[in-house]
Amino acid sequence: MKSPEELEKLYVRKIRAYNALAIGYLIGGDRESAKKAVGTMIVLSRRRAREAVKRFRAADEALTKTTHSMRKKDWPSGKVSPETNEMSWALLQDYHAARNAMADVGHELCRELLAWEKCGATVKDLFNLCNRDFSVVVGRLGPDTLCQPFPSLVSALMLDYKAPTAGPIRYDVDAPMTHTILEFDVHAILEMPGMVEEVSDDLMDTLYHLQTKE
């Protein structure tokens, strides 16, 4: 069984391969094949997102457990041992690193979803990807709600989040696209560092140049 680090490297390697494939198809004028290649990138990034959420849940649980223990044992006395301080600091660092990792994957998913849309993917394709019933959502919210870029639809409608949306977002719900894209949105608003652009830059540039020529 591969470690999380090995899985991450495997997914990124495959995504880059499909990224190059999509560029080749676009240059050759085959947008349908490019759309399929980008769709595969999104599926792989969704797996990355699922692993990132899993890492965040573990970091959050560890930090919460330690903080709760400190509140009961250390804070009432006003004495916190250097070891406990060091451990809590390390756990806090892990927590923030896990959130940054979610935001990074969310950023890549946003870029890939935009590329997929530019390659000809439809809103119905997006709903199928997220296993949501298109007709039900349109009937409830109206078609005008869907006139948004794909990443905005995922975050605004929480498309792959299969639980009631009232109350805090639950990370035990399998919704990797919603979780990571919302995390990226939060990071973007707060202008926090950690977002990288490694996978889809060339693809987005190719799409831009092709569109400006049309």
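What you see is a predicted model, and the numbers here were worked out from it, not measured in a lab. (Residues numbered from 1 in each chain as written. Predicted model: local features only at pLDDT ≥ 70, side-chain atom pairs only at ≥ 80, totals over all residues. Heavy atoms only, no water.)

K.L.:
Describe unusual backbone geometry, and please don't skip the residues or the numbers.
P.N.:
At Asn131, a residue that is not glycine, the phi angle is positive and equals roughly 55°. Its location among the elements puts Asn131 in the loop between helix 4 (123–129) and helix 5 (134–141). Its identity as a non-glycine residue notwithstanding, Met158 has a phi of 50°, on the positive side. On the secondary structure map, Met158 appears in the loop between helix 6 (150–157) and helix 7 (176–190). (Helix = DSSP H or I, 4+ residues; strand = E, 2+ residues; numbered from the N terminus.)

K.L.:
Break down the pattern of salt bridges for me, citing the residues and quoting the values.
P.N.:
Opposite charge on two side chains permits pairing when their charged atoms draw close. In the structure shown here, the tally under the stated rule is seven salt bridges. Here Glu8 ties to Arg48 by a salt bridge, and the two come within 2.6 Å at their closest N and O atoms. Placement of the pair is Glu8 in helix 1 (residues 4–27) and Arg48 in helix 2 (residues 31–73), with a sequence separation of 40 residues. Between Arg170 and Asp172 there is a salt bridge, and its shortest N-O distance comes to 3.1 Å. Arg170 sits in the partly exposed class, given a relative accessible area of 43%. One salt-bridge network, held together by shared partners, links Glu32, Lys35 and Asp125. (Salt bridge = Lys/Arg side-chain N within 4 Å of Asp/Glu carboxyl O. Buried < 20%, exposed > 50% of the residue type's maximum accessible area, 1.4 Å probe, protein only.)

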